[in-house]
Amino acid sequence: MSTKGNEFGTIYGGKNYDIFATLLGFGHSYYEKAAAEMPIEKGMKVLDLGCGTASLDIEIEEKMEHTGKVFGIDLSNSQLKYAHSKTKQIADEISLYKGTMDELPFKDESFDMVVTSVAFCETNAEVRRSAIRESSRVLVKGGHFAIIDCAKPRFSLTSVMMVPFFMFKTNDDNWNNTYVEICRENSMTLEKEEYLKSYIRCQIFKKEK
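Bear in mind that the values here come from a model prediction, so they are computed numbers and not experimental data.

1. Notes on the nonpolar core
Step number 1: Grouped together as the largest cluster of nonpolar side chains are 34 residues, with contacts concentrated most on Tyr30, Met38, Ile60, Val115, Ile148 and Ile200.
Step number 2: When residues of this core are traced back to their parent elements, those giving at least two are helix H3 (28–37), helix H4 (55–63), helix H5 (77–86), strand E3 (94–98), strand E4 (111–117), strand E5 (139–150) and strand E7 (200–207).
Step number 3: Take this core: its biggest share by element is 4 residues, from H3.
Step number 4: Membership of the second largest hydrophobic core comes to 24 residues, among which are Leu49, Leu104, Val180 and Cys183.

2. So, the sheet that holds E5
Step number 1: If you trace the 7 strands from one edge of the open sheet to the other, you get E3-E2-E1-E4-E5-E7-E6, paired in mixed fashion. The two strands at the open ends of the sheet, each matched to only one other strand, are E3 and strand E6 (188–197). The mean inter-strand angle of the sheet, taken between neighbouring strand axes irrespective of direction, is 15 degrees.
Step number 2: By the bridge criterion, 5 bridges tie strand E2 (residues 69–74) to E3 in an arrangement that is parallel. Bridge pairing links Val70 to Ile94 in E3.

3. Some points on the pattern of salt bridges
Oppositely charged side chains can pair when the atoms bearing their charge come close.
Step number 1: Under the definition given, this model contains 7 salt bridges.
Step number 2: Close ionic contact of Glu37 with Lys192 constitutes a salt bridge, the shortest N to O distance being 2.8 Å. With Glu37 in helix H3 and Lys192 in strand E6, the pair connects residues that are 155 residues apart, well separated along the chain.
Step number 3: Judged by relative accessible area, Glu37 falls into the buried class, the value being 18%.
Step number 4: Between Asp173 and Arg129 there is a salt bridge, with its nearest N and O atoms 2.7 Å apart. Of the two residues, Asp173 sits in helix H9 (residues 172–176) while Arg129 sits in helix H6 (residues 125–138), which places them 44 residues apart along the sequence.
Step number 5: Salt bridges here are not isolated pairs; linked through shared partners, they connect Asp108, Glu134 and Arg137.

4. Points about the side chain of Asp173
Step number 1: Look at Asp173 and you get buried, because its relative accessible area is 2%.
Step number 2: Within polar-contact distance, the side chain of Asp173 engages the side chain of Arg129 at 2.7 Å.
Step number 3: Each residue touching Asp173, except ones within four places of it in the same chain, is listed here: Ala125, Arg128, Arg129, Thr178, Tyr179 and Ile182.

5. Details of unusual backbone geometry
Step number 1: A positive phi angle, near 70 degrees, is found at Ala54, a position not held by glycine.
Step number 2: Mapped onto the elements of the fold, Ala54 is located in the loop between strand E1 (45–49) and H4.
Step number 3: Looking at Ala54, the relative accessible area reads 0%, which means it is buried.
Step number 4: The residue Val118 is not glycine, and still its phi comes out positive at about 45 degrees.
Step number 5: Mapped onto the elements, Val118 comes out in the loop between E4 and H6.

What counts and what doesn't
- Just so you know, the residues in each chain are numbered from 1, in the order the chain's sequence is written.
- pLDDT decides what is reported in this predicted model: residues at 70 or higher carry local features, side-chain atom pairs at 80 or more are listed and counted, and totals for whole chains, interfaces and linings draw on all residues regardless.
- Side-chain descriptors were evaluated using all non-hydrogen atoms of the structure, hydrogens and water having been removed beforehand.
- The set of buried Ala, Val, Leu, Ile, Met, Phe, Trp, Tyr and Cys residues whose side-chain atoms join them within 4.5 Å is what this entry labels a nonpolar core.
- Relative accessibility decides the category of a residue: with a 1.4 Å probe and only protein chains considered, values under 20% of the type maximum give buried, values over 50% give exposed, and everything between is partly exposed.
- Strands are runs of DSSP state E lasting at least two residues, helices are runs of H or I lasting at least four, and both sets are numbered from the N terminus onward.
- In this scheme, strands are said to pair when DSSP sees at least two bridges between them.
- The axes used here are C-alpha line fits, helices contributing only the stretch in contact, and every angle between their N-to-C directions lies in the interval 0 to 180 degrees.
- For salt bridges, the criterion is a side-chain nitrogen of Lys or Arg within 4 Å of an Asp or Glu carboxyl oxygen.
- Definition of a polar contact: a pair of N or O atoms within 3.5 Å, with one able to donate and the other able to accept a hydrogen when the atoms are protein atoms, and with sequence-neighbouring residues admitted only if both atoms are side-chain atoms.
- Whether two residues are in contact is decided by their heavy atoms: any pair within 4.5 Å suffices.

Here you go:
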């Protein structure tokens, strides 16, 4: 694991990541549900922080009906290599970059929406805070920032079964929901909050105009 996040490697990365993720309930229906919660419109420019194997990017691109552009950034070579193979047929609509979410290689106000899905829990507090600052910087005024991450679970059989997962993924930010305050400090206010699973929360923030 890098100091800035999880690189997964050959055993848990790439195609194997998708297999493990599906077994844990993060298959196509999860990404479909996640995209449905986002204020996606045709023609948008969207940035995905910690894009992994680009499963969410593909879903967002489909929801835009092939009229927009999705940019994904990740620090893992194995994730990006498999993501490229999955998006080969729509390479004009999904561009993937190697890099870290706390140092974005994009101009100010260049995206309509920034998203991150279960990637913040793979980073440290410093990276998360820098990523939120960077997200606000690259968002257009009135644009949206979607944080999907582990959260204090709502009790259910599923959340009990996922206790071992939480032992490694829980941090003060997602448990205490500090993202609302951190985003507010960076000119983004909470507009909507939903749980996608008993332990996965989706928060939609809007950048002030």
